[in-house]
Amino acid sequence: MHRKLRMLGISAEEADKFAKRDIRQCKDVLTRSDIELLRISDCSYSQIKYLKDVCSEAVAPKVSNITGPPGSGKTQFCLMLSTLVVAGGENGVIYIDTEGSFSAQRLMEMMQARFPHMDSVLVENALKRVHVIFTQTCLSLKKSIESIEELIISKDVRLILIDSIASLMRKEFSSASQSIIERTNLLTRLASILKYTAEFFRIPVVATNQTTTQIHDKDTKINKEEAPQEEECRGREETFDMRGQGELVAALGNTWSHSVNTRLILQYLTGGSSARQMMVAKSPVSGFGVVTCRIQTEGIVQCEEGATSYDGTNPNLQKIMCKGQFPSIP
């Protein structure tokens, strides 16, 4: 948000013109309405729109992470993002599936429900622009990401989805100290490649993450202000200690947490509701927010309750609600 307009390829003359009106950074543009910008400048509407597009692209998160317990809607979110990209034109999507959860039938159902004006030919052509890569090992995932540039160029890819990195990491690496070091090195390498790819090609990367149980030792007092260490971020995704001895947090620990620019959390609502909450737990361009939503035929849809804000917390210690936390019904 604090990137200067001069760094975005805007001419010095135009940058000086906006600077005289106290518009020097991206946030100065994006926090003003089109009408306000038109009033304080002598630019045309098309110029204002172009300026906003450039600023939005400049501050857009490079690597985003969506975390949640099983069944919360992470894959549905990825499928919905795919439909939004391929249904709008000739752009493509790279979908890296490590869990075998990709469903072409669900993708088609979602697209037909969200874009009813599209006939079968348009839907089929759009589906062909979703390029799915199935990987079952960390090595194949690394090779796929390292060789992804050619596919991006040849297929005009505008979005990369990875569902998910955590499943392979947890399957191949144990909790032994040497294994933790190897995993950390691999995560760092993957994050570096993804950030470079997103920055160079100016396309977003979205990866899903699982949850893990952070156990609280009865005799140990854990400092809530400190992020859990890698060893504390191990555990089975579906477990939760109902007695309050543990809590769900994002998997993969500090290494992955600090590698992503934005983290969204999908979690269940208490009381057995079918609705979910999507939380903005970390973002360089947005405040902490909560949106109530449901999974429907057309994808994830916002409920009438709308969106609210919250105070936020350390994203490494963000507690995540799962079905196991619902109170038992007598």
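Residues numbered from 1 in each chain as written. Predicted model: local features only at pLDDT ≥ 70, side-chain atom pairs only at ≥ 80, totals over all residues. Heavy atoms only, no water.

A.B. asks: A description of the packing of helix α5 (residues 74-86) against helix α6 (residues 104-114) should follow, citing residues and the corresponding values.
C.D. replies: In contact at an axis separation of 10 Å, α5 and α6 are set at 55° when each is read in the N-to-C sense. Considering their axes alone, α5 and α6 lie oblique with respect to each other. Judged by the sense of rotation from one axis to the other, the crossing of α5 with α6 is right-handed. Where α5 abuts α6, its residues Gln76, Leu79, Met80, Ser82, Thr83, Leu84 and Val86 lie against Arg106, Leu107, Met110, Met111 and Arg114. Here the contact of α5 with α6 is composed, by residue class, of seven nonpolar, three polar and two charged. (Axes fitted to C-alpha atoms, helices over the stretch in contact; angles between N-to-C directions. Helix = DSSP H or I, 4+ residues; strand = E, 2+ residues; numbered from the N terminus. Parallel < 35°, antiparallel > 145°, perpendicular 65-115°, else oblique. Left-handed = near helix turned anticlockwise from the far one by under 90°. Contact = heavy atoms within 4.5 Å. Nonpolar A, V, L, I, M, F, W, Y, C, P; charged D, E, K, R; others polar.)

A.B. asks: Report on the pattern of salt bridges, specifying residues and quantitative values.
C.D. replies: One side chain can pair with another of opposite charge once the charged atoms of both are near each other. Under the definition given, this model contains 10 salt bridges. Two residues, Asp34 and Lys52, come together in a salt bridge whose shortest N-O distance is 3.1 Å. Taken together, the residues Asp34 in helix α3 (residues 34-40) and Lys52 in helix α4 (residues 45-59) connect sequence positions 18 residues apart. You can call Asp34 partly exposed: its relative accessible area is 25%. Exposure remark for Lys52: the relative accessible area of 18% places this residue in the buried category. Each of Lys142, Glu146 and Arg189 takes part in salt bridges that share partners, so that together they form one network. (Salt bridge = Lys/Arg side-chain N within 4 Å of Asp/Glu carboxyl O. Buried < 20%, exposed > 50% of the residue type's maximum accessible area, 1.4 Å probe, protein only.)

A.B. asks: Would you mind going over the side chain of Thr98 in detail, with residue names and values included?
C.D. replies: Note on placement: Thr98 falls in the loop between β2 (92-97) and α6. For Thr98, a relative accessible area of 9% corresponds to the buried category. Those residues in contact with Thr98 that lie beyond four places of it in its chain are Thr135, Leu141, Asp163, Ser164, Ser167 and Leu168.

A.B. asks: Describe the pairing of strand β1 (residues 63-67), and please don't skip the residues or the numbers.
C.D. replies: Most of β1 is tucked away, with five of its five residues classed as buried. Residues of β1 alternate between two faces, with Val63, Asn65 and Thr67 on one and Ser64 and Ile66 on the opposite face, all of them buried. By the bridge criterion, five bridges tie β1 to strand β5 (residues 205-209) in an arrangement that is parallel. Across the sheet, residue Thr67 finds its bridge partner in β5, namely Asn209. (Pairing = 2+ DSSP bridges.)

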